[in-house]
Each structure stands twice: as C-alpha cells, then as structure tokens.
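# Commentary on secondary and tertiary structure
Now for the letters of each chain:
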Amino acid sequence: EAGVAQSPRYKIIEKRQSVAFWCNPISGHATLYWYQQILGQGPKLLIQFQNNGVVDDSQLPKDRFSAERLKGVDSTLKIQPAKLEDSAVYLCASSLDGRTGELFFGEGSRLTVL
Amino acid sequence: LAKTTQPISMDSYEGQEVNITCSHNNIATNDYITWYQQFPSQGPRFIIQGYKTKVTNEVASLFIPADRKSSTLSLPRVSLSDTAVYYCLVALGGSYIPTFGRGTSLIVHP
C-alpha cells in the first residue's frame, strides 16, 4: 500500500515569495492533516480536513497561509508571502476516518526562507 | 483538549527497558491515549494506542492506571535504533484533533 506522498521534499525561497506544497494521502483516507514542525519542537496542527470540509484551522495564519482539498483527495498548502519564521518542515498526514488515533505521515517538505 | 506533560529527554543503554511517562490530569472520559515515534527527517510514526489498563503490541506496551491521569510507554530491550522523539497525545475519541506536545527525546547509548 502506498504511503502519504508529499512534494517537494525541499524548497528554498526568499522572504515575501510564495510557495506551495502538495500532499496525496493514502487511498481511501477521509481525513487529511497539515502540520508545521519547527526545529526542536513538536508538530503543530495547521489544518484538518474531513473529506473536503475543514474540521479545524484555528492555528492556520490565514493572512498568509491557505489550504485546499479539492474533491476530498489531494491537498495543497500555500504560503504567500513567506516570512523568515515560516522556515520549518511541513508534514502531511492522513487517517482513515479521523476518529481513531492512527495517523500516517509523509516524509515532509522542508522549507527554508532566506 | 487535554494537556500532556512528558520529560524533555531520557538516556538509556542498549538492552535495557525504557519507560516514558506522560501526565494528562484533565483527560476526559472519552479520550484515547496515543503514542508516536519520530526519527530525524521523518514524520511521526504511530506506536500504540489505549484507553485503559494495558495494551501490548509487537513494538511496545502501554500502561494506563485506573484514574487514567497518566500513561507509561514501555519499550523492552531498546537498541540504538530506538533513539528518537516520543510523543504522547490525548484527544477525544469522537472528534479527534491530534495535538502534539514537545515530546521526549530518547537517546540510547551503546
């Protein structure tokens, strides 16, 4: 069974530029999560989708971050404009139905903002 | 969401049993307790989940006392490859919003 796919693995941009990350969850998984993990910290939940609806986005900086999950499958996370403090690993995870504790994570997309 | 407290770091040696305790004093009746493991440059990986008493799988055991205000992840006979960060999560069984804390950094020495 294929795991959660993310791209790109690495991205370097200058501040005020924009960037987009893509995630393809495990087939059949209804729930998709985007996390931000800054070096030395635990993952911070940015947004949680159930199919194509948003369950929680309380920690998503909506002035610069946006996310969508069209057709309830793939998802894109965008940052525009980027700030230095956005340098982090962006992790995508999926789960079967969002009611159990087993999340499956991708390898992450490492963003460096210069 | 129930707040969790774990030790920031732990050290052990190969072959020893390691127990990592997580405190969750305000756990709710329908909360489950889930543990994840994360290696550098990888996403977290599910280890084990439980609600009460004891759960065991091929990787670890999870001990939960009757009051459920804490839980202990037990790793039997650790090896160097168990060096990782371990996270304890507590969330509602009905509307699960998985929130990670800072985790426990375990270093296993030869």
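Quick notes on the rules
- Per chain, residue numbering runs from 1 following the sequence as it is written.
- Written order determines the labels here, with chains lettered from A and ligands numbered from 1.
- Only residues with pLDDT of at least 70 get local features here, since the model is predicted, and only at 80 or more are side-chain atom pairs given and counted; chain-wide, interface and lining totals rely on the full set of residues.
- Hydrogen atoms and water are omitted, and side-chain values are computed over all heavy atoms in the structure.
- Only runs of H or I of at least four residues qualify as helices and only runs of E of at least two qualify as strands under DSSP, and these elements are numbered from the N terminus.
- Note on method: radius of gyration uses C-alpha positions; expected globular size equals 2.2 Å times residues raised to 0.38.
- Contacts are assigned to residue pairs with any non-hydrogen atoms lying within 4.5 Å of each other.
- A 1.4 Å probe and the Shrake-Rupley method give the accessible areas. Residues count as covered only by the protein chains that appear here.
- Two residue types count as positive, namely Lys and Arg, and two as negative, namely Asp and Glu; His and chain ends fall outside the count.
- Here the site of a charge means NZ on Lys, CZ on Arg, CG on Asp, or CD on Glu.
- A quick way to say it: buried area is the sum, across both parts, of accessible area lost when two parts are put together, with a 1.4 Å probe.
- We call two N or O atoms a polar contact when they sit within 3.5 Å, provided that within protein one can donate a hydrogen and the other can accept it, with sequence-adjacent residues counted only if both atoms are side-chain atoms.
- Residues are grouped as follows: Ala, Val, Leu, Ile, Met, Phe, Trp, Tyr, Cys and Pro are nonpolar; Asp, Glu, Lys and Arg are charged; all remaining types, including Gly, are polar.
- To qualify as a nonpolar core, a set must consist of buried Ala, Val, Leu, Ile, Met, Phe, Trp, Tyr and Cys residues joined through side-chain atoms within 4.5 Å.
- For each residue, the accessible area found with a 1.4 Å probe, counting protein chains only, is set against the maximum for its type, and the residue is called buried under 20%, exposed over 50%, and partly exposed in between.
- Here a cavity denotes grid points, spaced 1 Å and computed from the protein atoms alone, that fit a 1.4 Å probe unable to get out, and a pocket denotes an open set having protein on both sides within 12 Å along at least 5 of 7 lines; residues with an atom within 4 Å of a point are the lining.
- Grid points are joined across faces, edges and corners, and a volume is the space filled by probe spheres set on the points.
- Every case where a carboxyl oxygen of Asp or Glu lies within 4 Å of a side-chain nitrogen of Lys or Arg is listed as a salt bridge.
- Here the rule is simple: two strands pair whenever DSSP picks up at least two bridges between them.
- Convention adopted: a line fitted to C-alpha atoms gives each axis, helices being fitted over their contacting stretch, and angles between N-to-C directions are expressed from 0 to 180 degrees.
- Here is the rule: rings of Phe, Tyr and Trp (six-membered ring for Trp) pair when centre to centre is within 6.5 Å. Planes less than 30 degrees apart are stacked, more than 60 are edge-to-face, and the remainder are tilted.
- Whether a charge lies above a ring is judged from NZ of Lys or CZ of Arg, which has to be within 6 Å of the ring centre and within 35 degrees of the ring normal.

Counting its regular elements, chain A contains zero helices and 11 strands. Overall, chain A shows an N-to-C arrangement of helices and strands of β-β-β-β-β-β-β-β-β-β-β. Computed over C-alpha atoms, the radius of gyration of chain A comes to 13 Å, within 12% of the 13 Å expected from 2.2 N^0.38 for 114 residues, which places it in the range of a compact globule. Taking the principal axes of its C-alpha atoms as reference, chain A extends roughly 35 × 25 × 25 Å. Partitioning the intrachain contacts of chain A with sequence separation of at least 6 by distance along the chain shows that 54% fall at a separation of at least 24. Accessible surface, chain A as shown: approximately 5,700 Å² in total, 49% of it carbon and sulfur. When the 13 basic and 12 acidic side-chain charges of chain A are each reduced to a single mean position, those positions are 6 Å apart.

Further remarks concern the interface of chain B and chain A. Accessible area lost upon the coming together of the parts serves often as the stated size of an interface. If you look at the interface, chain B gives 17 residues, while chain A gives 22 residues. At the boundary of chain B with chain A, total buried surface from both sides reaches about 1,500 Å², with 52% on carbon and sulfur atoms. Seen at the junction of chain B and chain A, the total is five residue pairs in polar contact (both at pLDDT 80 or more). Among the secondary structure elements, those contributing two or more residues to the side of chain B that touches chain A are strand 3 (31-38) and strand 4 (45-50) of chain B. Tallying contributions element by element places strand 3 of chain B first for the side of chain B that touches chain A, with three residues. In terms of residue class, the side of chain B that touches chain A is built from eight nonpolar, eight polar and one charged.

So, on to the nonpolar core. In terms of nonpolar packing, the biggest core is built from 21 residues, with Phe21(A), Trp34(A), Leu77(A), Ile79(A), Tyr90(A) and Leu111(A) touching the most fellow members. Beyond its immediate chain neighbours, meaning those up to four positions away, Tyr90(A) contacts Gln6(A), Phe21(A), Tyr35(A), Gln36(A), Leu46(A), Phe65(A), Leu77(A), Ile79(A), Gly108(A), Ser109(A) and Leu111(A). If you look at the next biggest cluster of nonpolar residues, it comprises 20 residues, including Ile27(B), Ile47(B), Ile64(B) and Leu106(B).

In this structure, the largest pocket spans a volume of roughly 640 Å³. Lining the largest pocket are 31 residues, and of these Gln37(A), Ile38(A), Leu39(A), Gly40(A) and Gln41(A) lie nearest its centre. Mapped by element, the contributors of at least two residues to the lining of the largest pocket are strand 9 (88-95) and strand 11 (109-113) of chain A together with strand 8 (84-92) and strand 9 (104-109) of chain B.

All names here are of chain A. Applying the stated criterion across every chain yields a total of three salt bridges over all chains. A salt bridge links Asp-57 to Lys-62; the nearest nitrogen and oxygen atoms lie 3.7 Å apart. Note on Asp-57: relative accessible area 25%, which makes it partly exposed. In this structure, the salt-bridge partner of Asp-86 is Arg-64, at a minimum N-O distance of 2.5 Å. Of this pair, Asp-86 sits in the loop between strand 8 (75-79) and strand 9 while Arg-64 is found in the loop between strand 6 (53-56) and strand 7 (65-68), placing the two residues 22 residues apart along the sequence. Here the two residues Asp-86 and Arg-64 agree in accessibility, since each one is buried.

Right, let's get into the environment of Ser12(B). All names here are of chain B. Secondary-structure assignment places Ser-12 in strand 1 (residues 9-13). For the pair Ser-12 and Thr-72, spaced 60 residues apart in sequence, the C-alpha to C-alpha distance is 16 Å. Among the polar contacts listed, one links the side chain of Ser-12 to the side chain of Gln-16, at a separation of 3.1 Å.

Residue and element names in this part refer to chain A. Across the sheet, four strands lie side by side as 1-3-8-7; this open sheet has antiparallel pairing. Strand pairing shows two members of the sheet lacking a second neighbour, strand 1 (5-7) and strand 7, which therefore form its edges. Sheet twist, expressed as the average angle between the axes of neighbouring strands with direction ignored, equals 15°. When strand 7 meets strand 8, the two strands line up antiparallel, connected through four bridges. Bridge pairing in strand 8 places Glu-68 opposite Thr-76.

Turning our eyes to something else, we now look at the packing of aromatic side chains. This model, assessed by the stated rule, comprises 11 aromatic pairs over all chains. Look at Tyr35(A) and Phe105(A): their rings are 5.6 Å apart centre to centre, the planes differ by 45°, and that puts the pair in the tilted class. You can see Tyr35(A) sitting in strand 4 (residues 31-37) and its partner Phe105(A) sitting in strand 10 (residues 104-105), a full 70 residues away along the chain. Taken as a pair, Tyr35(A) and Phe105(A) share a single burial class, namely buried. Put simply, the rings of Tyr33(A), Tyr35(A), Phe105(A), Tyr36(B), Phe46(B), Tyr87(B) and Phe100(B) touch in pairs and so form one group of aromatic residues. Across from the ring centre of Tyr51(B), 4.0 Å away, lies the NZ or CZ of Arg68(B), which sits over that ring.

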